[in-house]
Amino acid sequence: MKKLIALVLALVCVLGLLGCNNDSQQAQADKTENTHTLEVTENSVGEIGRETFNLSVEISEDDANTLWEIINNGTWKEEPADCENDCVINLKGRWTYYASDSGILNKYDLSDMSIYSSKEQNVSGKSLVLSEEDRLAVNAILEKYITLGIDNSLDR
């Protein structure tokens, strides 16, 4: 009888360990199945100030390089310009806001922003006013991918 009880206990232990192993394998399979990789777009442009939300659009490497040169070869002022930006340019993870009608680029220090909507937002940053030639070049590139201009239907 003691041998039978020992055999039953050993069998229960073995089955219990196998059950744990299967649960572990199932949990690992579930993790793998439910893992999603988020693709990060390095160079993109997006519309802002519109009634409808449109996702940013990836731009070509050549267009990104041209925008990069224009944006980084200008002389930036140490304060953002007060203008209505109608698009955002993401080049290599650096966001620059752009007002296509005036050719003004703004880079904001978003760490200055408050999470409280009741607090006045005094966000610091930089601005660059493009020459007319550079503004036309930037607008031509952006118009390949997005619609420029402010959506005036929001002023209703």
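Above this text is the structure in question.
These numbers were taken from a predicted model, which means no experiment stands behind them.

Q: Give a description of the packing of helix α2 (residues 61-72) against helix α3 (residues 132-142) that names residues and reports values.
A: Two elements in contact, α2 and α3, have axes separated by 11 Å at closest approach and are oriented at 155°. By the angle between their axes, α2 is roughly antiparallel relative to α3. The handedness of the crossing between α2 and α3 comes out as left-handed. Where α2 approaches α3, its residues Asp63, Thr66, Leu67 and Ile70 are matched on the opposing element by Asp134, Ala137, Val138, Ile141 and Leu142.

Q: Could you give an account of unusual backbone geometry, naming the residues involved and the relevant values?
A: For lysine 92, which is not glycine, the phi dihedral falls at a positive 55°. The topology assignment puts lysine 92 in the loop between β3 (87-91) and β4 (94-99). The class of lysine 92 is partly exposed, set by a relative accessible area of 40%.

Q: So what's going on with the pattern of salt bridges? Residues and values would help.
A: Following the criterion strictly, the structure yields two salt bridges and no others. The partner of lysine 144 in a salt bridge is aspartate 63, with the nearest N and O atoms 3.1 Å apart. Linking lysine 144 in the segment after α3 with aspartate 63 in helix α2, this pair joins segments that are 81 residues apart in sequence. Residue aspartate 63 is classed as buried on the basis of its relative accessible area of 8%.

Q: Give me the lowdown on the packing of aromatic side chains, citing residues and values where you can.
A: This structure, assessed with the given rule, holds one aromatic pair. Relative to tyrosine 108, the ring of tyrosine 97 has its centre 5.3 Å away and its plane inclined at 55°; by these criteria the two rings are tilted. On the criterion of sequence distance, the pair formed by tyrosine 97 in strand β4 and tyrosine 108 in strand β5 (residues 104-108) is long-range, its members being 11 residues apart. Its relative accessible area of 15% is what places tyrosine 97 among the buried residues. Sitting over the face of the ring of tryptophan 68, lysine 92 holds its NZ or CZ atom 4.6 Å from the ring centroid. Sitting above the plane of the tryptophan 76 ring, lysine 107 keeps its charged end 4.5 Å from the centroid.

Q: So, the sheet that holds strand β6 (residues 125-129): which residues are in play, and what are the values?
A: Reading across from one edge, β2-β1-β3-β4-β5-β6 is the order of the six strands in this open sheet, with antiparallel pairing throughout. The sheet terminates laterally at β2 (57-58) and β6, the two strands that pair on one side only. Looking at chain direction, β5 and β6 are connected through five bridges and run antiparallel. In the strand pairing of β6, isoleucine 104 is matched with valine 129. Across the sheet, α2 lies against β1 (43-47), β3, β4, β5 and β6, angled at about 100° from β3, the strand it touches most. Here α3 sits on the sheet in contact with β1, β3 and β4, set at roughly 110° to β4.

Criteria and cut-off values
- Residues numbered from 1 in each chain as written.
- Predicted model: local features only at pLDDT ≥ 70, side-chain atom pairs only at ≥ 80, totals over all residues.
- Heavy atoms only, no water.
- Axes fitted to C-alpha atoms, helices over the stretch in contact; angles between N-to-C directions.
- Helix = DSSP H or I, 4+ residues; strand = E, 2+ residues; numbered from the N terminus.
- Parallel < 35°, antiparallel > 145°, perpendicular 65-115°, else oblique.
- Left-handed = near helix turned anticlockwise from the far one by under 90°.
- Contact = heavy atoms within 4.5 Å.
- Buried < 20%, exposed > 50% of the residue type's maximum accessible area, 1.4 Å probe, protein only.
- Salt bridge = Lys/Arg side-chain N within 4 Å of Asp/Glu carboxyl O.
- Phe/Tyr/Trp six-rings, centres within 6.5 Å; stacked < 30°, edge-to-face > 60°.
- Lys NZ or Arg CZ within 6 Å of the ring centre and 35° of its normal.
- Pairing = 2+ DSSP bridges.

Shape is all these values report; function is a separate question.
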